[in-house]
Amino acid sequence: MSQRKKKLKRGQKRKLKSIFLKTVAITLAAAGVTMGALAFVYKSYLFEGGSALIQPKKNDPINKTLAVFGVDEDGLRTDVIFVLNYNSETEKLRMISVPRDTKVEWTPEQQELVEESKGYYVSTSKLNEMTSYGGIDHIQDLTIPQVEEMLDIQIDNYVIITLDAFRKIVDAIGGVEVDIPVLDGNGLHYDDNYQDLHIHLEPGVRVLNGEEAEGLVRYRKGYAEGDVGRIKTQQLFLEAFAKKVTSPSIITKVPNIINAVLETVKTDIKLSEVTGYLPYLKSMDAENLTFNIVPGEAEYTDGKWYYIVDEEAIPSFMEEVFSDKVEAQEEEEEVVIDQTVSIEVLNSTSIAGVARRAKEALELEGYTVSETGNYTLGALNKTIIYAKDESLAKQFLSYYPTALIKQDLNIPYDICIVIGNDDAN
């Protein structure tokens, strides 16, 4: 069988990679906003005074795989596809991105499904086209089995996110305040009539609505660092979003957030299943996230550009992605001991007196605890040490060895120790 096949030129490869990274970035931003909204709704709407209306229990370990699809404006093509796996024992969150142009051969059952419902025959297509032929409602019969077969995994649930979801959630919380960067002496300006995309954001601090926020995360021209610069801007937005949804003023907007999430995000995850994830939600850390792309190469075949998966490389690729081997530790960094730091201790558990006892123990060691109290955003499974300077937080790991360290320049003291259930006794 003869077929026209030629390799991508270097410039075409860069263009294909740029398009791929762009669509991934948009959907990741939408997913980040959506998951942030869901987490906030749980913590602020389903909790009252630290007592959950829905009581999550930490039962058997979780090892679940979720497929996330970002669809285009017409809601048919899955233009961004990635798989998330979360293992509660290792606390690792692994993400595998599958290029939308991946070439797939339809199974006889899939061909029959489309032929019966649509009246036409499809045997080969790009992965993102399957639901445009067979309908987004058949994603569990079309796209998901192809991804499972490709990666030799089982997908437990799926989530479908639209750009509309991104815009609606941002609008629902009253917009997000962001410091727009300066590029070449100007703000962010770009017009694309074909995509009906018009971005005009002047530099400086301003509150962005949903449409403007979409423009911010989609903008990609003029960054000196290229895609790295764009990703930094997206992270800047997500950080600002997180601050907004955790502010006290947001409580009046919770009904709008719930409506925006329920109306624009489609999933087969049931509420009873969601509550099973909640005990682990607050202990998830970005440092445990790995990002991977299915191995392969773009090729021009049968008159189209496809992404051809390297099937021989998949087993070793999956083994590497899911490996829990601990890398060799670098030489230990010297811990800075500074007992002059100002400290706040908060109790996130249901056990009374935890913060007071922690204060007494730290002061016996020579520290001064300025304030104690209760953590108002719900129970934590792991202790978190917030610090303006992370190097000063490491001295407290000798008291809370499994604690997470997070930088926060807005805390009122140098150190804020939020005690979780693992350190409650």
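Look up a bit, the structure's there.
How each quantity is defined
- Residues numbered from 1 in each chain as written.
- Predicted model: local features only at pLDDT ≥ 70, side-chain atom pairs only at ≥ 80, totals over all residues.
- Heavy atoms only, no water.
- Core = buried A, V, L, I, M, F, W, Y, C linked by side-chain atoms within 4.5 Å.
- Buried < 20%, exposed > 50% of the residue type's maximum accessible area, 1.4 Å probe, protein only.
- Helix = DSSP H or I, 4+ residues; strand = E, 2+ residues; numbered from the N terminus.
- Contact = heavy atoms within 4.5 Å.
- Arc of directions from axis to C-beta.
- Polar contact = N/O pair within 3.5 Å; in protein donor to acceptor, adjacent residues only side chain to side chain.
- Pairing = 2+ DSSP bridges.
- Axes fitted to C-alpha atoms, helices over the stretch in contact; angles between N-to-C directions.
- Salt bridge = Lys/Arg side-chain N within 4 Å of Asp/Glu carboxyl O.

It is worth spelling out the nonpolar core at this point. One finds Phe69, Ile96, Leu127, Leu151 and Val294 to be the most contacted residues of the largest nonpolar core, which totals 32 residues. Secondary-structure elements contributing two or more residues to this core are β4 (63-71), β5 (78-87), β6 (92-98), α2 (108-118), α4 (143-151), β9 (157-161), β17 (304-309) and α10 (314-321). Residue contacts for Ile96: discarding those within four places in its chain leaves Ile81, Phe82, Val83, Leu151, Asn292, Val294, Phe317, Met318, Val321 and Phe322.

With that settled, consider α4. Of all the positions in α4, only Thr143, Ile144, Gln146, Val147, Met150 and Leu151 are classed as buried. Down the axis of α4, the smallest arc covering the buried residues is 160°, so these residues share one side. Positive backbone phi, approximately 55°, marks Asp152, located one or two places after α4.

Right, let's get into the side chain of Thr102. Tracing the sequence through the fold places Thr102 in the loop between β6 and β7 (103-105). One polar contact links the side chain of Thr102 to the main-chain carbonyl oxygen of Pro99, over a distance of 2.7 Å. Leaving out residues up to four positions away in the same chain, Thr102 has contacts with Ser125, Lys126, Leu127, Met150, Tyr307 and Val309.

Spatially, five strands are ordered β19-β18-β22-β20-β21 in an open sheet, and the strand pairing comes out mixed. Looking at which strands have only one partner, the edges of the open sheet turn out to be β19 (369-374) and β21 (404-407). Taken pair by pair, the neighbouring strands of this sheet meet at an average axis angle of 20°, ignoring direction.

Peptide bonds are, in most cases, trans, and in most cases residues other than glycine have a negative phi. The phi dihedral of Asp152 is positive, around 55°, even though this residue is not glycine. Mapped onto the secondary structure, Asp152 falls in the loop between α4 and β9. Of note in this structure, Asp302 is not a glycine but carries a positive phi near 55°.

Another point: the environment of Asp79. By the element assignment, Asp79 lies in strand β5. What makes Asp79 buried here is its relative accessible area of 16%. Along the sequence, Asp79 and Asn128 sit 49 residues apart, while their C-alpha atoms lie 5.6 Å from each other.

The subject of this paragraph is the pattern of salt bridges. Close approach of charged atoms allows side chains with opposite charge to pair. The tally for this structure, following the rule as stated, stands at eight salt bridges. One salt bridge connects Asp137 with Lys266, and the closest N-O pair in it is separated by 2.7 Å. With Asp137 in the loop between α3 (130-134) and α4 and Lys266 in strand β14 (residues 265-267), this pair connects stretches of sequence that are 129 residues apart. By relative accessible area, which is 35% here, Lys266 ends up partly exposed. We note a salt bridge from Arg356 to Glu360, for which the minimum N-O separation is 3.4 Å.

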